[in-house]
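Structure assessment
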Amino acid sequence: MADCSIFADHKSEERYCKLSLAYTTDEEKEKIEKAIKSCTPLCSIEPNIYGGDVVGGKKMITIEYHDDCDREGGKVFEQIMCELGIKECH
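To start, this report covers the structure provided alongside it. (Residues numbered from 1 in each chain as written. Predicted model: local features only at pLDDT ≥ 70, side-chain atom pairs only at ≥ 80, totals over all residues. Heavy atoms only, no water.)

1. Focus: the nonpolar core
Counting residues in hydrophobic clusters, the biggest one holds 20 residues, and the most contacted among them are Leu21, Ile32, Ile80 and Leu84. Among the secondary structure elements, those contributing two or more residues to this core are β2 (16–23), α1 (26–39), β4 (59–66) and α2 (73–84). No other element matches α2, which puts five residues into this core. Setting aside residues no more than four positions away along its own chain, Ile80 makes contact with Leu19, Leu21, Ala35, Ile36, Cys39 and Ile63. (Core = buried A, V, L, I, M, F, W, Y, C linked by side-chain atoms within 4.5 Å. Buried < 20%, exposed > 50% of the residue type's maximum accessible area, 1.4 Å probe, protein only. Helix = DSSP H or I, 4+ residues; strand = E, 2+ residues; numbered from the N terminus. Contact = heavy atoms within 4.5 Å.)

Here it is, written out as structure tokens:
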């Protein structure tokens, strides 16, 4: 997939991980939502998903996994980034 203008930020601690995806356009939002819908079934834990505004006119969708003892969320995040064409987190 081609390079993407969506920015990814990842944070993790013991049994917790989070991926935030910043976007600008409605098309980017739709791509993110589609990727989340197709990838979250890879994990046996239900994620918390929420959105919000960021600086510079961008908006963000965040996916969080709590009590992720087996670190399944990482597989989900890798697949989401792959589907969106994101090569690295910022």
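2. As for the pattern of salt bridges
Using the criterion set out here, one finds four salt bridges in the structure. Notably, a salt bridge pairs Lys29 with Glu33, separated by 3.9 Å at the nearest N-O pair. In this pair, Lys29 and Glu33 are both assigned in helix α1, four residues apart and thus about one turn of the helix distant. When its relative accessible area of 31% is taken as the criterion, Lys29 is described as partly exposed. For Glu33, a relative accessible area of 40% translates into the label partly exposed. (Salt bridge = Lys/Arg side-chain N within 4 Å of Asp/Glu carboxyl O.)

3. Side note on unusual backbone geometry
Positive phi, close to 65°, is recorded for Arg15, a residue that is not glycine. Positionally, Arg15 belongs in the loop between β1 (7–13) and β2. Phi at Asp67 takes a positive value of approximately 55°, unusual for a residue other than glycine. Tracing the backbone through its elements, the reader meets Asp67 in the loop between β4 and α2.

4. Considerations on the packing of aromatic side chains
Aromatic rings considered in pairs are described by the distance between their centres and by the relative angle of their planes. All told, the structure shown has one aromatic pair when counted by the stated rule. Between the aromatic rings of Tyr65 and Phe77, the centroid separation amounts to 5.7 Å while the plane-to-plane angle is 50°, which identifies the pairing as tilted. Of the two residues, Tyr65 sits in strand β4 while Phe77 sits in helix α2, which places them twelve residues apart along the sequence. (Phe/Tyr/Trp six-rings, centres within 6.5 Å; stacked < 30°, edge-to-face > 60°.)

5. So, the pairing of β4
As defined by bridge partners, β2 adjoins β4 across eight bridges and the pair is classed as antiparallel. Directly across from Lys18, in β4, lies its bridge partner Glu64. Looking at chain direction, strand β3 (residues 48–53) and β4 are connected through six bridges and run antiparallel. Looking across to β4, one finds that Gly52 is bridged to Met60. Between β3 and β4, which pair antiparallel in sequence order, lie five residues; one of them, Gly56, sits at a positive phi of approximately 70°. (Pairing = 2+ DSSP bridges.)

6. Focus: the packing of α1 against α2
As a packed pair, α1 and α2 sit with axes 9 Å apart at the nearest point and diverge in direction by 140°. Put simply, α1 runs oblique to α2. With respect to the hand of their crossing, α1 and α2 are arranged in right-handed fashion. Packed against α1, whose contacting residues are Lys31, Ile32, Ala35, Ile36, Ser38 and Cys39, the element α2 presents Val76, Gln79, Ile80, Glu83 and Leu84 at the interface. Split by residue class, the contact of α1 with α2 holds seven nonpolar, two polar and two charged. (Axes fitted to C-alpha atoms, helices over the stretch in contact; angles between N-to-C directions. Parallel < 35°, antiparallel > 145°, perpendicular 65-115°, else oblique. Left-handed = near helix turned anticlockwise from the far one by under 90°. Nonpolar A, V, L, I, M, F, W, Y, C, P; charged D, E, K, R; others polar.)

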